[in-house]
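Chain and residue survey
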Amino acid sequence: MFRITADGKDLTERIRQRLVNLTIKDGSGLEGDCIQLHLFDDPPLDPPREGTRIEIALGYNGQLFDVGRYASRPISLKGPPAIVTLEASVLDCFPTLLEPKKRSWRPDTLSSVISRLAKENGLIASVDKSCDLIQVPHEDQTESDSAFLARIADHYECIFKVQRDHLIFYDRNSRVTPAGSSIRPEKIKGIIDYEFKYSREQIYSGVKAFWCGAGATRERSVLAGKKGKVYAIKFLLKDEASARAAAEAKLRKLKRLSTSLSFTIPGNPLLFSGGLCLIEKLHPLLNREWMISSVEHSLDNNGFISKVTAEGNASL
């Protein structure tokens, strides 16, 4: 079951009569959350104007769960049969996030940088407390705010998402949301199909980062992890603290990417990117917690399914 509104007007029944397929992608960073809605277009529909706020809820057994608010993009048409495709995304709700910018950031805490970006784009900052302890050195921004946020989130191994009016930014390994709620693993039931991959190339015992301070005559290095098979970060950092933070974040990322699991289950709107899921009674290699990197919900005449991509939990 589902509910769809456009600028507050309930269009659920009209859409149900013409529905071909509804796909909702839940991602983080520049992937963002977006939807694609395919409808039969005979007789022709009156399409929503660009920027219309689309709100969607999905569910089962009579219970609906909010999955987000999106801003519509220009439609596309194809046929026969005549089908109209409506696309919308969360980031398009805040166009200033997508505008190219060029500026420099003075050294500050990560939480202060995120809070300023949120305020400039009309968003409410929801930032992990751990970001108060991370010092960001001088940074040159030559991209949009959304691209800049994605870059620093990747650098510090954090999750960046926009949900409704909130800019959410938190440590990828955190088990608590910035609002203080526990991130509990969702038990996975009724797996339809799955695929597991193990990447030997991603296994490293440590990560080395190099730095060179102002006025220094030679490069220095820091090591996160242990000696052995060591990954070397190719770019030069500005100081020891930045180098150590980069090395530790890269090591966590390499551990996380060493294993991946994708699976399809009956639709579950409670799964989200950046969350956790628990696999049980499937396979000894797979029966544990996984970090969800993306979810794709799909609804059509055949029912409601969710396709999940997850990564090995670096904290295990």
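The structure this text deals with has already been given above.
Scope of this entry: the structure provided in the associated data block. (Residues numbered from 1 in each chain as written. Predicted model: local features only at pLDDT ≥ 70, side-chain atom pairs only at ≥ 80, totals over all residues. Heavy atoms only, no water.)

**With respect to the packing of aromatic side chains**
Stated precisely, the cut-off is as follows: The criterion for an aromatic pair is that two Phe, Tyr or Trp rings (for Trp, the six-membered ring) have centres within 6.5 Å, with stacked assigned to planes under 30 degrees apart, edge-to-face to planes over 60 apart and tilted to the rest. Helix and strand definitions here come from DSSP, where helices need a minimum of 4 consecutive H or I residues and strands a minimum of 2 consecutive E residues; each element is numbered from the N-terminal end. Each residue's exposure class comes from its accessible area (1.4 Å probe, protein chains only) as a fraction of the maximum for that residue type: buried when under 20%, exposed when over 50%, partly exposed otherwise. Any Lys NZ or Arg CZ that is within 6 Å of a ring centre and within 35 degrees of that ring's normal is treated as a charge sitting over the ring.
Inspection of the entire model under this criterion finds four aromatic pairs. Between Phe-196 and Trp-290, the ring centres sit 6.2 Å apart and the planes meet at 80°, which makes this aromatic pair edge-to-face. Of this pair, Phe-196 sits in strand β17 (residues 193-198) while Trp-290 sits in strand β23 (residues 289-300), and the two are 94 residues apart along the sequence. Classification of Phe-196 as partly exposed rests on a relative accessible area of 28%. Owing to a relative accessible area of 0%, Trp-290 belongs among the buried residues under this scheme. Geometrically, the ring pair formed by Tyr-204 and Tyr-231 is edge-to-face, given 5.4 Å between the ring centres and 85° between the ring planes. One end of the pair, Tyr-204, is in the loop between β17 and β18 (206-211); the other, Tyr-231, is in strand β20 (residues 230-237), and 27 residues separate them in sequence. When its relative accessible area of 21% is taken as the criterion, Tyr-204 is described as partly exposed. A residue is classified by how much of its surface remains accessible, and Tyr-231, at 23% relative accessible area, is partly exposed. For the cation-ring pair, Arg-16 lies above Phe-2, with the distance from its terminal atom to the ring centre recorded as 4.9 Å. One Lys or Arg, Lys-229, reaches over the ring of Tyr-204 and ends 4.8 Å from the middle of that ring.

**As for the side chain of Thr-5**
Basically, it comes down to this: Contacts are assigned to residue pairs that have any heavy atoms within 4.5 Å of one another.
Looking at where Thr-5 falls in the secondary structure, it is placed in strand β1 (residues 2-6). Since its relative accessible area comes to 13%, Thr-5 is described here as buried. Apart from the residues within four sequence positions on either side, Thr-5 is in contact with Asp-10, Leu-11, Arg-53, Ile-54 and Glu-55.

**Quick word on the layout of surface pockets**
Just so we agree on the cut-off: Of the grid points, spaced at 1 Å and generated over the protein atoms alone, those admitting a 1.4 Å probe that cannot get out make up cavities, while open sets with protein on both sides within 12 Å along at least five of seven lines make up pockets; any residue with an atom within 4 Å of a point is treated as lining. Grid points are joined across faces, edges and corners, and a volume is the space filled by probe spheres set on the points. Classification used: nonpolar for Ala, Val, Leu, Ile, Met, Phe, Trp, Tyr, Cys and Pro, charged for Asp, Glu, Lys and Arg, polar for all others including Gly.
A volume near 650 Å³ is recorded for the largest pocket. Together, 34 residues line the largest pocket, and Asp-26, Asp-66, Lys-161, Gln-163 and Phe-272 are the ones closest to its centre. For the lining of the largest pocket, the leading source of residues is strand β6 (residues 63-72), giving six residues. Classifying every residue of the lining of the largest pocket gives 17 nonpolar, eight polar and nine charged.

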